[in-house]
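Summary of structural features
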Amino acid sequence: MTSSEGQFLDQLLGGIGVISDQNKIQTLDFTKAVAQILPAFNYLGTVFSFAQSEMEGKNQTLVNSSAQFPFLEDILTQDKKNGKVTTKNSPSRNLHRLMSAILFIKLLLDKLLKPNYTMYDAASEAYEAALAPIHTVIVKGTVRAGLLALPTTDGFLQSIGETRESAAPKAAL
């Protein structure tokens, strides 16, 4: 799987920017941004490829909720009122999972181009900070073992049409 040169990282960062640039985020804007970010999991190999399909389902929950709840804040308010914030597959819980996935990708990119960081180091730290807190012990063990099969940093960058030199200024944004 290879991305057109430089386009994938630009699209990914555009999705993150949409989310971080708004105070009150529209649900549909958020779901579109998430759709731009989720393909990053496919470039990380099989250990994270399952995450993309899992997160796509969670994103679809929010798409389905967007007509009734135009802002993410509305979803949280309603689920809190109904006591469903932590209910499996509730829009609020799925929103939390999606935010954790976005944080993982952001942390991964932040760390990936730092000197002396390997893909394993960057992904391990990003996983522990963003996704491990929401995973069961079994999932954590599976992911941690799977981290050993990650592509190299250069292999990952090549698969998204980047080099360390071309990605560095984008990752600094």
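Values in this document were obtained by computation on a predicted structure and should not be read as measured data.

**Description of the environment of Thr153**
Here Thr153 lies in helix α8 (residues 153-159). Taking the relative accessible area as the measure of exposure, Thr153 reaches 5% and is therefore buried. Between the C-alpha atom of Thr153 and that of Met119, which follows or precedes it by 34 residues, the distance is 5.0 Å.

**Side note on unusual backbone geometry**
Even without glycine at this site, Asn89 takes up a positive phi of about 65 degrees. As for its position among the elements, Asn89 is in the loop between α4 (72-81) and α5 (91-112). Residue Asn116 is not a glycine yet carries a positive backbone phi of 65 degrees. Position of Asn116 relative to the elements: it lies in the loop between α5 and α6 (119-130).

**Regarding the packing of aromatic side chains**
Counted under the stated rule, the structure contains three aromatic pairs. Ring geometry for Phe41 and Phe48: centres 6.1 Å apart, planes at 45 degrees, overall tilted. Grouping residues by exposure puts Phe41 and Phe48 together as buried. An aromatic cluster of three or more residues is present, and its members are Phe41, Phe48 and Phe104. Sitting over the ring of Phe71, Lys24 keeps its end group 4.6 Å from the ring centre.

**Some details on the environment of Leu44**
Note that Leu44 resides in the loop between α2 (27-37) and α3 (46-65). By relative accessible area, which is 1% here, Leu44 ends up buried. For the pair formed by Leu44 and Leu147, sequence separation is 103 residues and the distance between their alpha carbons is 9.1 Å. Sequence-distant contacts of Leu44, defined by excluding residues within four places in its chain, comprise Phe104, Ile105, Leu108, Met119, Leu150, Pro151 and Phe156.

**Regarding the confidence of the model for the protein**
Looking at the protein as a whole, its pLDDT mean stands at 87, while 90% of the residues score no less than 70. Per-element confidence in the protein is highest for α6, whose mean pLDDT is 96, and lowest for helix α1 (residues 7-20), whose mean pLDDT is 69.

**Examining the side chain of Ser92**
Note that Ser92 resides in helix α5. When sequence neighbours within four positions are dropped, the list of residues in contact with Ser92 reads Ile75, Leu76, Asp79 and Val85.

The rules behind the values
- Residues numbered from 1 in each chain as written.
- Predicted model: local features only at pLDDT ≥ 70, side-chain atom pairs only at ≥ 80, totals over all residues.
- Heavy atoms only, no water.
- Helix = DSSP H or I, 4+ residues; strand = E, 2+ residues; numbered from the N terminus.
- Buried < 20%, exposed > 50% of the residue type's maximum accessible area, 1.4 Å probe, protein only.
- Phe/Tyr/Trp six-rings, centres within 6.5 Å; stacked < 30°, edge-to-face > 60°.
- Lys NZ or Arg CZ within 6 Å of the ring centre and 35° of its normal.
- Contact = heavy atoms within 4.5 Å.
- pLDDT = per-residue confidence, 0-100.

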